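# Examining the three-dimensional arrangement
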Amino acid sequence: MALEKRIEQLLFEHGATTVGFATTETLAGGPPSTDLEYVLPGARSAVCFTMPMDLDNVRPYLGKETPVPEQEPNELYVVIDKISQEVADLLIEGGHEAVAVAANWESRPEDPDFFYEPVPPLSHRYIAVASGAASFGWSGNVGIKGGQGSNVLLGTCVTSAELAPTQPVLEDEGFCDECKMCVASCPVEMFDETEEQSVTMGGRTFSYSKRVDVVRCMICCAGLTGMHKSGKWGSWSPGRFVLPEEKEETREAYREAAKRSRSRPIHSSLLVKVNDWGEDHPLTGAQIYGSCGVCQRVCHGNRPDRAKNVKVLRRSGVVVQRTDGSLEAMKPQEAATAVEGMDPERKKMYDW
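Computed from a prediction, not measured in an experiment: that's the story for all the values here.

### Examining the sheet that holds strand β1 (residues 18-23)
- If you trace the 4 strands from one edge of the open sheet to the other, you get β1-β2-β6-β3, paired in antiparallel fashion. Looking at the sheet topology across the chains shown, the edges are occupied by β1 and β3 (98-101). Direction aside, the axes of adjacent strands within the sheet are offset by 20° on average.
- As paired strands, β1 and strand β2 (residues 45-52) are joined by 6 bridges and run antiparallel to one another. Its bridge partner lying in β2, V19 is registered against F49.
- Taken strand by strand, helix α1 (residues 3-13) contacts β1 and β2, and its axis lies near 140° from that of β1.
- Running over the sheet, helix α4 (residues 124-131) touches β1, β2, β3 and β6 (152-159) and is turned about 85° from β6.

### Comments concerning the packing of aromatic side chains
- Following the criterion strictly, the structure yields 3 aromatic pairs and no others.
- Measuring from ring centre to ring centre gives 6.3 Å for Y126 and F136, while their planes differ by 80°; the resulting arrangement is edge-to-face. Of the two residues, Y126 sits in helix α4 while F136 sits in strand β4 (residues 135-136), which places them 10 residues apart along the sequence.
- On the numbers, 4.4 Å between centres and 40° between planes, the contact of F241 with W352 is tilted. Here F241 is found in the loop between α6 (214-221) and α7 (247-261), whereas its partner W352 is found in the segment after α11 (344-347), with 111 residues between them in sequence.
- On the basis of relative accessibility, which here comes to 1%, the residue F241 falls in the buried class.
- Grouped by ring-pair contacts, the aromatic residues Y126, F136 and Y208 constitute a single cluster.
- Directly above the ring of Y208 sits R125, whose terminal nitrogen or CZ lies 5.5 Å from the centroid.
- Above the plane of the ring of Y61 lies R297, whose end atom (NZ or CZ) is 5.2 Å from the centre.

### Observations regarding a negative patch on the surface
- A grouping of E171, D172, E173, E178 and E196 is seen on the molecular surface, where their side chains present a negatively charged patch.
- On the accessibility criterion, D172 (68% relative accessible area) is exposed.

### Some points on the environment of E37
- With respect to the element layout, E37 can be found in the loop between β1 and β2.
- Relative accessible area serves as the criterion here: at 43%, E37 is assigned to the partly exposed category.
- The spacing of E37 and E252 is 215 residues in sequence and 35 Å in space, taken between C-alpha atoms.
- With near-sequence residues (within four places) excluded, E37 lies in contact with G42 and A43.
- A polar side-chain atom of E37 sits 2.6 Å from the main-chain amide nitrogen of G42.

### Focus on the state of the cysteines
- Per the stated rule, a full pass over the model turns up 0 disulfides.
- Of the cysteine sulfurs around C157, a residue in no disulfide, the closest is that of C48, at 11 Å.
- On the accessibility criterion, C157 (1% relative accessible area) is buried.
- The closest cysteine sulfur to the non-disulfide-bonded C292 is located on C220, 3.6 Å from its own sulfur.
- On the accessibility criterion, C292 (7% relative accessible area) is buried.

About the criteria used
Residues numbered from 1 in each chain as written. Predicted model: local features only at pLDDT ≥ 70, side-chain atom pairs only at ≥ 80, totals over all residues. Heavy atoms only, no water. Pairing = 2+ DSSP bridges. Helix = DSSP H or I, 4+ residues; strand = E, 2+ residues; numbered from the N terminus. Axes fitted to C-alpha atoms, helices over the stretch in contact; angles between N-to-C directions. Contact = heavy atoms within 4.5 Å. Phe/Tyr/Trp six-rings, centres within 6.5 Å; stacked < 30°, edge-to-face > 60°. Buried < 20%, exposed > 50% of the residue type's maximum accessible area, 1.4 Å probe, protein only. Lys NZ or Arg CZ within 6 Å of the ring centre and 35° of its normal. Patch = residues over 30% accessible without salt bridge, like charges linked within 9 Å, V, L, I, M, F, W, Y side chains within 5 Å. Areas by Shrake-Rupley, 256 points an atom, 1.4 Å probe, with all protein chains shown as cover. Salt bridge = Lys/Arg side-chain N within 4 Å of Asp/Glu carboxyl O. Lys, Arg positive; Asp, Glu negative; His and termini not counted. Charge placed at Lys NZ, Arg CZ, Asp CG, Glu CD. Polar contact = N/O pair within 3.5 Å; in protein donor to acceptor, adjacent residues only side chain to side chain. Disulfide = S-S within 2.5 Å.

These values are about where atoms sit, not about what they do.
Encoded structure:
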C-alpha cells in the first residue's frame, strides 16, 4: 500500500474528516510559518488533517447556557497531538524523519513582535489550505463543506518523506459563501467587513478578511475581555475592558488588562494552561480562559443556521464573575449594576 494511503487510513480510522499533503513546492513563497524546515531540517512534506467539533455544543455555548463546551477544543488538541505522533511514528518506522507539530499554544519566541503578533512554528491553517484539507472562510478560520463549516481543528505532521501533494480546494468550491456572520459575531470587531488580505503559496493566492488588529483577538480569546462595546452582549469572559481604536493604544490596553486579570478568581472550566512565555510576556501569570472562539463556532450549517447562531449569541447577555470564580450570564443592565456594585479593587479586575 502506498505510504499516502496508509497515512490516510490511519487518520480516517481516528475520525479525521479530511486529509491533505503539502510539499515544499506547494508551500513555496509562503510566509515564515509555512517553512517546514523550521520544525524539521530537510523536511520535504507535511500531512494535515481535520478533526470535527461537536455541533451540538455550539448553541448552548453561544447562548451562555454553559461554558463547558469551550473545553472541547483543549481536550481535542490533546487527542490531535497523539494522532499526529502516530503519523510521525508510522513515517519513522518506514525509515523517514518525522515530527508531530503541536496543535496549539506554541509560538516562535525569537520573532521580533512575539508579544503582539506571535508566529507559530508552523501554520496549520496554511498547510491545510495549501493541501486542500480545508479552505479559508472570510474570518480566516478554515473549514470544510458538509455542514461542519469551520467547526474543525487541525493536526499536522512534518516529514522528510517525498509525499505526493494533494490539490487546494478550488475557489468556488470552498465552504464559505461570505455571509460574514463571523464579522457580526466578533465581540472586539477584529475583522474588516470588505477589505481582504492574501497569502500566496505554490504560485496560488488565497484571500480572507483583513485583520483590524490581531492583538484585539488575543485579548478576547485569552479571556481578558469579552464584552462588545455596546455593552449588550459578549463572550464568556467577565472582562468589560472596551478596547481603544488606535493600534498602539490597544497594545497598552493588552498589557494593562493582562495585569489586572491576574487577580481574578480561577474558573477551572475555562482555564487554559499554556507554555511559559517568559516573565516579560503580557500573558505570563494571567488567568487565561478559552472564552471566545465565537467566529469559529457560529460558522456551520447553512446561512439560516449561522444567522440563528449570531442571534443566539447577541441575545445571550453579558457575563459577570462571582467571588467564588463562578460565571453568570446576565441581562446587560443587570450585569452593569453588578459590576458597579463591586468594591474598587475588585472592579478593576474587569473594567477600566
